[in-house]
Amino acid sequence: MAAFLARRLAQSGLILFIVIFLTYWLMGLMPGDPIDLMVQSNPDLTPADAARLKALYGLDQPIITRFWNWLTQALQGDFGYSRLFGQPVWEVLWPRLVNTLILMLPVVLLSIVIAVPLGLLAARKAYGWFDYTVNLASFAGISVPPFWFAILMIIGFAVTLNWLPASAAPPGDAGLMDHLRHLILPVATLTILNVGTYLRFMRAASLQTLRQDYVRTALAKGVSETRLLTHHVLRNALLPLVTIIALSFGSLFSGTLIIETIFAWPGMGKTIYDSVLGNDYNLAMVGFLLATATTLLGNILADLCYGLLDPRIELEEVKLGG
Amino acid sequence: MAVEYSNPGLPTHDGFWRQFARHRLALLALALVVLLALLALFAPALEMLLGLDAGAADLFNRLAPPSADHWLGTDEAGRDVFLRLLYGGRVSLMVGIIAALLAALLGTMIGLIAGYFGGWPDGFLMRATDAVIALPLLPLLIVLAAVDPQKLGLPDSIAQSELFSLYRIILIISLVGWTTVARLVRAETLSLRRREFVIAARAQGLGSPAILCRHILPNVASPIVVATTLTIGNVILLESVLSFLALGIQPPTASWGNMLNNVQDYLWDAPMLAVWPGLMIFVTVIAFNFLGDGLQDALDPRARR
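Naming follows an unreviewed UniProt entry, where chain B appears as Peptide/nickel transport system permease protein of Aestuariispira insulae. The record in UniProt for chain B states the following under Sequence similarities (unreviewed entry): "Belongs to the binding-protein-dependent transport system permease family."

Under an unreviewed UniProt entry, the name given to chain A is Peptide/nickel transport system permease protein, and the organism recorded is Aestuariispira insulae. Quoted verbatim from the Subcellular location (unreviewed entry) field of UniProt, the annotation for chain A is "Cell membrane". According to its UniProt record, chain A has this under Sequence similarities (unreviewed entry): "Belongs to the binding-protein-dependent transport system permease family."

Caption draft 1: The arrangement of the overall build of chain A in detail. The helix and strand tally for chain A stands at 12 helices and zero strands. In chain A, buried positions account for 46% of the 322 residues. For chain A, the proportion of contacts with a sequence separation of at least 24, taken over those separated by at least 6, is 74%. Within the structure as shown, chain A displays about 16300 Å² of accessible surface, and the carbon and sulfur contribution to it stands at 67%. With 20 positive and 20 negative side-chain charges, chain A shows a separation of 14 Å between the mean positions of the two kinds.

Caption draft 2: Here's a closer look at helix α1 (residues 2–28) of chain A. Along its 27 residues, α1 of chain A runs 39 Å from first to last C-alpha, staying within 8% of the 39 Å computed at 1.5 Å per residue. Taken together, the buried positions of α1 of chain A are F4, R8, S12, I15, V19, I20, T23, Y24, L26 and M27 of chain A. If you follow the buried residues of α1 of chain A, they end up packed against α4 (63–75) and α12 (281–309) of chain A together with α5 (119–134) and α6 (137–145) of chain B.

Caption draft 3: Structural detail: the nonpolar core. Grouped together as the largest cluster of nonpolar side chains are 149 residues, with contacts concentrated most on W70, F147 and I262 of chain A together with I142 of chain B. A domain split of this core shows at least three residues from each of domain 1 (2–75) and domain 2 (94–309) of chain A. Apart from residues lying up to four places away in sequence, I262 of chain A is in contact with F147, A150, I151 and I154 of chain A together with F244 and Q264 of chain B. If you look at the next biggest cluster of nonpolar residues, it comprises 15 residues, including A104, V185, L192 and I216 of chain B.

Caption draft 4: Structural context of the domain arrangement of chain A. Residues and elements named next belong to chain A. Segmentation of chain A into domains returns domain 1 (2–75) and domain 2 (94–309). The distance between the C-alpha centroids of domain 1 and domain 2 comes to 34 Å. Opposite the 19 residues of domain 1 that make contact, domain 2 presents 15 residues. Across the domain 1/domain 2 interface, buried area totals approximately 1500 Å², and carbon plus sulfur atoms make up 80% of it. For the domain 1 face of the interface with domain 2, the top three residues by lost area are R8, M27 and W70, together amounting to 31%.

Caption draft 5: Structural context of the packing of helix α2 (residues 24–41) of chain B against helix α3 (residues 43–50) of chain B. Residues and elements named next belong to chain B. Where α2 meets α3, the axes come as close as 4 Å, and the angle between the chain directions of the two elements is 60 degrees. Our classification of the angle between α2 and α3 gives oblique. Of α3, the residues touching α2 (which contributes L39, A40 and L41) are A43, P44 and L46. Each residue belonging to the contact of α2 with α3 can be placed in one class, and the counts come to six nonpolar, no polar and no charged.

Caption draft 6: Representation of the UniProt feature "domain: ABC transmembrane type-1" (unreviewed entry) in chain B in the model. The positions UniProt marks with the feature "domain: ABC transmembrane type-1" (unreviewed entry) are residues 89–292 of chain B. Structurally, residues 89–292 of chain B is divided into 74% helix and 0% strand, and its ends, taken at the C-alpha atoms, are 20 Å apart.

Caption draft 7: Local environment of the interface of chain A and chain B. Listed per partner, the contact involves 49 residues of chain A and 46 residues of chain B. Summed over both sides, the interface of chain A with chain B buries roughly 4200 Å², with 76% coming from carbon and sulfur. Linking chain A with chain B are zero salt bridges, by the criterion used here. Mapped by element, the contributors of at least two residues to the side of chain A that touches chain B are α1, α6 (129–143), α7 (146–160), α10 (225–262), α11 (268–277) and α12 of chain A. Here the element with the most residues in the side of chain A that touches chain B is α7 of chain A; it accounts for eight residues. For the side of chain A that touches chain B, a count of residues per class yields 35 nonpolar, 12 polar and two charged.

Caption draft 8: Representation of empty space enclosed by the protein in the model. Residue and element names in this part refer to chain B. Counted by the stated rule, this structure contains one cavity of 30 Å³ or more. In this model, the largest cavity occupies a volume close to 50 Å³. Forming the boundary of the largest cavity are L36, L39, A40, L85, L86, G89, L93, W256 and M280. Of all the elements in the fold, those that place two or more residues in the lining of the largest cavity are α2 and α4 (81–117). Per element, the largest residue contribution to the lining of the largest cavity is four residues, and it comes from α4.

Caption draft 9: Main features of the packing of aromatic side chains. The final tally for this structure, using the stated rule, is 13 aromatic pairs over all chains. When the ring of Y24 of chain A is compared with that of W70 of chain A, the centres are 5.9 Å apart and the planes differ by 45 degrees; the resulting orientation is tilted. With Y24 of chain A in helix α1 and W70 of chain A in helix α4, the pair connects residues that are 46 residues apart, well separated along the chain. Like Y24 of chain A, the residue W70 of chain A is buried in the burial classification. Ring plane angle 90 degrees and centroid distance 5.2 Å describe the contact between Y116 of chain B and F117 of chain B, whose orientation is recorded as edge-to-face. Using a relative accessible area of 44% as the deciding quantity, one classes F117 of chain B as partly exposed.

Cut-off values and rules
- Numbers given to residues run from 1 along each chain, matching the order in which its sequence is written.
- For this description, chains carry letters from A and ligands carry numbers from 1, given in the order in which they are written.
- A pLDDT threshold of at least 70 governs which residues receive local features in this predicted model, and a stricter bar of 80 or more applies before side-chain atom pairs are shown or counted, although totals over entire chains, interfaces and linings include all residues.
- Excluding hydrogens and water, the side-chain figures rest on all heavy atoms present in the structure.
- UniProt positions are given in the numbering used here, feature names are shortened, and annotations may be inferred rather than shown by experiment.
- For the purposes of this entry, the term helix denotes a DSSP run of H or I that reaches at least four residues, the term strand denotes a run of E that reaches at least two, and both are numbered from the N terminus.
- Here's how the labels work: a residue is buried when its accessible area is under 20% of the maximum for its type, exposed when over 50%, partly exposed in between, all with a 1.4 Å probe on protein chains only.
- The criterion used for residue contact is that any of the two residues' heavy atoms lie within 4.5 Å.
- Areas reported as accessible are Shrake-Rupley estimates using a 1.4 Å probe. Residue values count occlusion only from the protein chains shown.
- Think of it this way: Lys and Arg go in the positive column, Asp and Glu in the negative one, and His and the chain ends go nowhere.
- For this purpose, a charge sits on NZ of Lys, CZ of Arg, CG of Asp or CD of Glu.
- Multiplying 1.5 Å by the residue count of a helix minus one yields the expected span of that helix.
- Residue types Ala, Val, Leu, Ile, Met, Phe, Trp, Tyr and Cys, when buried and joined through side-chain atoms within 4.5 Å, form a set referred to as a nonpolar core.
- For the purposes of this description, domain bounds are those given by an automatic or database domain assignment.
- Two parts placed together each lose some accessible area under a 1.4 Å probe, and adding up what both lose gives the buried area.
- As a rule, the C-alpha atoms of each element are fitted with a line to give its axis, helices using only the stretch in contact, and angles between N-to-C directions run from 0 to 180 degrees.
- Should an angle lie under 35 degrees it is considered roughly parallel, over 145 roughly antiparallel, and from 65 to 115 roughly perpendicular; all remaining angles are considered oblique.
- The residue classification treats Ala, Val, Leu, Ile, Met, Phe, Trp, Tyr, Cys and Pro as nonpolar and Asp, Glu, Lys and Arg as charged. All others, Gly included, are polar.
- Salt bridge, as used here, is a side-chain nitrogen of Lys or Arg placed within 4 Å of a carboxyl oxygen of Asp or Glu.
- The way it works is a 1 Å grid over only the protein atoms, where trapped points that fit a 1.4 Å probe form a cavity and open points with protein on both sides within 12 Å along at least five of seven lines form a pocket, and then any residue with an atom within 4 Å of a point lines it.
- Grid points are joined across faces, edges and corners, and a volume is the space filled by probe spheres set on the points.
- Pairing of aromatic rings covers Phe, Tyr and Trp, the last counted by its six-membered ring, and requires centre-to-centre distances within 6.5 Å; plane angles under 30 degrees mean stacked, over 60 mean edge-to-face, and any other angle means tilted.

Dropping the structure here:
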């Protein structure tokens, strides 16, 4: 277990390092570097001034040198300043990461609470009308453009019915209840979008478990329907679901990016988007890295859960080649 | 040839159509996809027939409700929504199909090499696949879409051209979309290369490229077809998201995604403006997903109910 963890961490570390370098390189390819932007906004600066400034900030150095400088500073905890916010990058990102988690946690919990019983029932009554409806609904869930669905929710509940606010963030002096009221629409939207994936996996896993011999034995012994589902099927079907939940961290980040942008929620996704559009390289860089690191961590977590929940699975990579 | 171990080849079950037709939704989806493709194909003809110009702005007739002239009304610049939907469909379908095919091509090559040769190429390619899968997709696409083409050394004539945003989005989506096909093809190839007909072919002195093309590829075609169909739906979704975020297809070229760019400003005045393009995306994507599901049932006996 420890050896497995160490190898996975090392592997993810290597991927992260390559991603860091590629991202740094990509950021350098975005339109206009900081000095160009300065020159644009200040006509008094001559090309000579610009060249001197570039030398001062090391922007005339080759990419490897610049990357090394950035990395050594970053490792000391200095990620530079955000151009858009005029604050150190970390101070901008930290509260936004918390905001994203505030959005994501209820979504994951609600999705599980909805997907587990529905998936179990759908599998138990496989190919019946209930299963058919659930299947159709989850197909719709993975096919709907998330931003459009969010807009429809706004049209329905904010514009037409006027029940809920159209933005996620209330004005500054709002109380807790007001905050929660603003969060209902984005959380509901993201949950509906997310639940289809969980549901499909829960159904497939339950269906597979229901075909096992021990389920037939339990049924033959006269176990009640409820007990069969909760004690025999659920526990075994949860395994793939846990993996999917851990793996879905990455896609959830993508989902929250859209939802945060539409509902004006100051989270990680919206910050990454705004910083890329606003040429805020320092911020975009660290924001993207944070999203990547979270996703990689989710993947490791998925493997670990797998090993912990099912002792039969050995955490060794199966050698397939040869 | 002396020894002729049979190569099962492409699945030519004569029951393919019968099997496919049993999946009613897939059949319906196929009809829908054909209809959408025809509408997109004949958009210019319909434009002439209606006597309208899809690109013509009419600022005196903004956000008009549906009428005999404008079947679905007009948008915020007074352009005909129905015609722009047709032209948007051209772009969205084209991006979806071309990017999915490119991604499938890339994935097939990577999967074949990894699965057939094994060893370090396999290790390297599969770790790379894992790495791409592990990246947060949308932030990555946003960063890629924001790259300045001139800094990549592309000449102005390409970078400034109207179609550049189209090429770019096709390229970046296929660059991240190949992983599913690569994994499927690798897994199939791995089991195929130990089969008798492959060993026999090798014993007869056939080279690796010939074995891959003649013996392996036809046998991995089914999963590729299924995965590519499902990828088309996903690509159309991704294109719409990026275009909605103003990083995909650039106006004035219409795509279903960028038609939703500004709708949030008009939700109170013309909510239907936001409904149509999204509905088109939704219907198209779900059609491709059902189509893929039906193809899987028909092509892969193991997945059959």
